[in-house]
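# Observations on chain architecture
This is what each chain is made of:
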Amino acid sequence: MSQKLFKILLVSVLAIGLVILGIILVRAKNKKDALEIQTNIENPFGINSEDTSLGGGNNSGGGNNSSQEGEEGEEGGAVPVRVDFVSNEDSPIVQKISEEPVSGATFTYIEREIIVPEEVSANLVEGYDFTGYPSLKFGDDRKEVVDLKTVLNRQDPSPSLAIDNAFDTTLKNAVIEFQDKSGLTPDGVVGPMMYKKLNEFQGIVPKVAKAPLKETVELVRFVDRSNGYIFDKAIKPNEPLARVTSSQVARVYESYFDNTKSFLLMRYLKDGIVENVVASIKKPALLLGDSAKYATLETKLLTNNLTFASPISSGQKIFYLLKQSSGVDGVIYDFKTGTSKKVWSSKFSEWIPQALSENTISLTTKASGRYPGNSYILDVKNNSLKNIISSVNGLTTNISPDGKMALYSSYENATLKTSLLNIATGQISDFAPTTLPEKCIWTKDSKTIYCGAPSSVPTATYPDDWYKGETLFSDMIWKIDVATNTAKILLDQNKIKGQIDVTSPVINDKQDYFIFINKHDMNLYGVDLSRL
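Now for a look at the structure at hand. Within any chain, residue numbers begin from 1 and follow the written order of that chain's sequence. For this predicted model, a pLDDT threshold of at least 70 governs which residues receive local features, and a threshold of 80 or more governs which side-chain atom pairs are given and counted, while totals over whole chains, interfaces and linings are taken from all residues. In computing side-chain values, all of the structure's heavy atoms are included and hydrogens and water are not.

### A word on the packing of aromatic side chains
The geometry of an aromatic ring pair is captured by the separation of the ring centres together with the interplanar angle, meaning the angle of the planes. Aromatic rings from Phe, Tyr and Trp, taking only the six-membered ring of Trp, are treated as a pair when their centres fall within 6.5 Å; an angle between ring planes under 30 degrees marks them as stacked, one over 60 as edge-to-face, and anything in between as tilted. Taken as a whole, this structure holds 18 aromatic pairs when the rule is applied. Each ring, one from W466 and one from F473, has its centre 6.2 Å from the other, and the planes form 20°; the classification is stacked. Pairing F514 with F516 gives two aromatic rings, centres 5.9 Å apart and planes at 40°, and the pair type is tilted. The two residues F514 and F516 agree in class, both being buried. Among the aromatic side chains, those forming a connected cluster through ring pairs are Y411, Y462, W466, Y467 and F473. Here, a charge over a ring is recorded when the distance from Lys NZ or Arg CZ to the ring centre is within 6 Å and its angle to the ring normal is within 35 degrees. The cationic tip of R243 hangs over the ring face of Y294; the distance from NZ or CZ to the ring centre is 4.0 Å. Under the scheme applied here, a residue whose accessible area is under 20% of the maximum for its type counts as buried, over 50% as exposed, and between as partly exposed, the area being computed with a 1.4 Å probe on protein chains only.

### Remarks on the pattern of salt bridges
Definition used for salt bridges: Asp or Glu carboxyl oxygen within 4 Å of a side-chain nitrogen of Lys or Arg. As enumerated under the stated definition, the model contains 18 salt bridges in all. A salt bridge links K510 to E218; the nearest nitrogen and oxygen atoms lie 3.8 Å apart. Placement of K510 in the loop between β28 (502-507) and β29 (513-518) and of E218 in strand β4 (residues 214-224) is noted, with a sequence separation of 292 residues between them. In this structure E218 comes out as buried when scored by relative accessible area, which is 6%. Helix numbering and strand numbering both begin at the N terminus, where a helix is a DSSP run of H or I of at least 4 residues and a strand a DSSP run of E of at least 2.

### Some thoughts on the packing of helix α2 (residues 144-152) against helix α3 (residues 169-181)
Where α2 contacts α3, the axes come no closer than 11 Å and their chain directions differ by 55°. Taken as axis vectors, α2 and α3 run oblique relative to one another. Judged by the sense of rotation from one axis to the other, the crossing of α2 with α3 is left-handed. Facing V145, L148, K149 and L152 of α2, the residues of α3 in contact are L171, A174, V175 and F178. Gly is placed with the polar residues, together with every amino acid not listed as nonpolar (Ala, Val, Leu, Ile, Met, Phe, Trp, Tyr, Cys and Pro) or charged (Asp, Glu, Lys and Arg). For the contact of α2 with α3, the residue count by class is seven nonpolar, no polar and one charged. In this description, a line fitted to the C-alpha atoms serves as the axis of each element, helices being fitted only across the stretch in contact, and the angle between N-to-C directions of two axes falls anywhere from 0 to 180 degrees. Angle categories are assigned with fixed cut-offs, so that under 35 degrees is roughly parallel, over 145 is roughly antiparallel, 65 to 115 is roughly perpendicular, and the rest are oblique. Two helices crossing with the near one rotated counterclockwise from the far one by less than a right angle form a left-handed crossing, whereas a clockwise rotation gives a right-handed crossing. Only heavy atoms enter the contact rule, under which two residues are in contact if any of them lie within 4.5 Å.

This is the structure we're talking about:
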């Protein structure tokens, strides 16, 4: 074999070896990326444990299921970006509600008394309201006599009574004279009828006890991530934050309120373990801004094997997945009674639930743009699963409250796409704007969707890179009418300075106020839709 031929063979072997090595490295990287995505979806805190899985799903109940962003802390993770959020208006349409990152938010109401300012009398002469004064007669020596003499001296002509405590003969004669002029029995004794005439003489209308005026105030209620304090913020009128609770629960990454807003599920990190506690608000503060009347949180441990949760809006219940050695159990917990009931089991454990009602649960496999996902509707009564979406890469879903429509996203050909599925007919229509379903919220009547959607979608793998916080959006706020298939931009970048990336959206019943957690800084923001 010639030296030239040997060199050619050697180069060829090396080239083939490099190609094979490259393929191995690429596959290893893809596998590592997939594992990182799965770990991040299951465990945003960076803990190497299969038993701690938070975040990664749709959030129709007002909690924060987008924990994938990674909060800075002892366990590591990405550092949230601080946003200097400034409106172009003195009275902003977009309001920054919280002062620190939050773990979940909702709307609630309180009834409170209206403080009516006292009317100021224009009468420069001091009046004496004799309502409730004791009877006075000749010979009494009491301080109330001073007031009586002062008022009688204002008659014309004045009896010129000495201002002291003595009910003497001069005062008795003055009383008899006043009684005679007023049509009273001139007996010289000052009683209720004379006191009434003295008030009329002064132009004083006796104070009558009135029932206090009350008003119903709509509030945004949210949980501070760092310390677990619960705050209320009245949105109309715009008022300062009012802290509701004094009990601390450190590093609460997710929280879900029940429909009374008095119970909640709190998920936090303690000694490297994700603990799940049920908390009830005891003796809540009734007056906004009254710092002396904080409520307390009464907590009890639920379980440490809980993976995902979804509130049931129709009652004081929540559906959650409980990890078992053989798979996962679906459990309904009743906040009011404190009881749990297993309603479903699966050998496959990687689900993200959305509770539409106590008997209807949406279950979607955990999402990755690199792998296909499926979505099902669980009929709890019949213990049956109906497949509604199959083999879609990057699948995430958001089912309408009536269970008839599914908003979902897919990642195909390096492109994020959003679609709307009619579950009954199987008809699929394109959905505008392009966004992730977990950035949207349905109204209770299932007729309208409000979404945060980026003005342009950055090149990335979805939803993986958005979950991990490697890609962030600059959103506009949209309103989509499902019946007419029309979409309207409510808030664009011209209305604000700063960036918003909508997560955990919630809209109030009147559809005039929209709240969300901004993924850029994890603070809570509100949009006054009535001004758009």
